[in-house]
Amino acid sequence: MTNDLVAFLKARLDEDADLARRCDMAGFSAEWIAHEAAVDFGRGDLTSFHTAIARHVALHDPARVLREVEAKRHVLNRHTLSPAEGDSERPWDDRDDCQFDGDLWPCDDLLDLALPYQEHPDFPERYQPNRVTEERNVRTTGAPDKAGNSGEPR
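**Some words on the nonpolar core**
Next, step 1: Ranked by internal contacts, the top residues of the largest apolar core, which has 23 residues, are Leu5, Leu9, Leu76, Trp105, Leu110 and Tyr127.
Next, step 2: The set of elements that each furnish at least two residues to this core consists of α1 (4-25), α3 (62-78) and α4 (108-114).
Next, step 3: Among the nonpolar cores identified, the runner-up in size contains five residues, and Trp32, Val39, Phe41 and Ala58 belong to it.

In C-alpha cells:
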C-alpha cells in the first residue's frame, strides 16, 4: 500500500494553512467575533449574515484554522505506515498496519482526517468511505492485530 493518502492529506493541510496565513497577512489577524448578523474581523465588520452564519464564519478565524492544521499534522505524523514486508515482529505477511495503534493501514484515524476532503478532485478513489468499508470487511478476517485480536467481525 502506498502513502498516497498521506501525501493527499499533507497537500490539503498545506492548502488550509496557506489560506489561513493569507487571511492573516491581509490584516485580519485579530480574533474573529460574531455580533448578531455581523462578523468583526479586526479591521471592520461584515454585515448582513444570518446569525448562525456569522457565528460559523467567526469560528474559522485564521489562528484557529492554523491550530487545527497543526493538530491534524500531529495525528498524521503519529499514524504512519508500518509495511508488512520485512517486519520480523509479525507472524503474517501482506498486512500493512499503522505504526501507532497496529490497526490496518490506513487506520481509522487517517481515514477520519480525510473525510472532510472526500469531495476534492484529487481524493484517492480507493479511500472513499464506501470502498474502504468493503475492503476492510475483506481484509480484517484472519490476521490478528498487535493486541492479539483476531480481526473477526463481532
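Alright, that's what it looks like, and here's the rest.
**Some remarks on the sheet that holds strand β2 (residues 38-40)**
Next, step 1: The strand order across the open sheet formed by three strands is β1-β2-β3, and the pairing between neighbours is antiparallel. The outermost strands of the open sheet, each flanked by one partner alone, are β1 (33-35) and β3 (45-46).
Next, step 2: With two bridges joining them, β2 and β3 adopt antiparallel strand pairing. Of the residues in β3, the one forming a bridge with Asp40 is Asp45.

**Remarks on the side chain of His79**
Next, step 1: Within the secondary structure layout, His79 lies in the loop between α3 and β4 (81-82).
Next, step 2: Accessibility expressed as a relative area gives 2% for His79, which makes it buried.

**Observations concerning the packing of α1 against α3**
For any two helices packed against each other, one specifies the crossing angle of their axes together with the interaxial distance.
Next, step 1: At a minimum axis distance of 9 Å, the contact between α1 and α3 shows a crossing angle of 160°. Relative to α3, the element α1 lies roughly antiparallel. You can see that α1 and α3 cross each other, and the crossing is left-handed. When α1 is examined against α3, the residues Val6, Leu9, Lys10, Leu13, Asp14, Asp16, Ala17, Ala20, Arg21, Cys23 and Asp24 are found in contact with a partner set consisting of Pro62, Val65, Leu66, Val69, Lys72, Arg73 and Leu76.
Next, step 2: A per-class count over the contact of α1 with α3 returns eleven nonpolar, no polar and seven charged.

Cut-offs used in this document
Residues numbered from 1 in each chain as written. Predicted model: local features only at pLDDT ≥ 70, side-chain atom pairs only at ≥ 80, totals over all residues. Heavy atoms only, no water. Core = buried A, V, L, I, M, F, W, Y, C linked by side-chain atoms within 4.5 Å. Buried < 20%, exposed > 50% of the residue type's maximum accessible area, 1.4 Å probe, protein only. Helix = DSSP H or I, 4+ residues; strand = E, 2+ residues; numbered from the N terminus. Pairing = 2+ DSSP bridges. Axes fitted to C-alpha atoms, helices over the stretch in contact; angles between N-to-C directions. Parallel < 35°, antiparallel > 145°, perpendicular 65-115°, else oblique. Left-handed = near helix turned anticlockwise from the far one by under 90°. Contact = heavy atoms within 4.5 Å. Nonpolar A, V, L, I, M, F, W, Y, C, P; charged D, E, K, R; others polar.

Take it as geometry only, folks, not as evidence of what the structure does.
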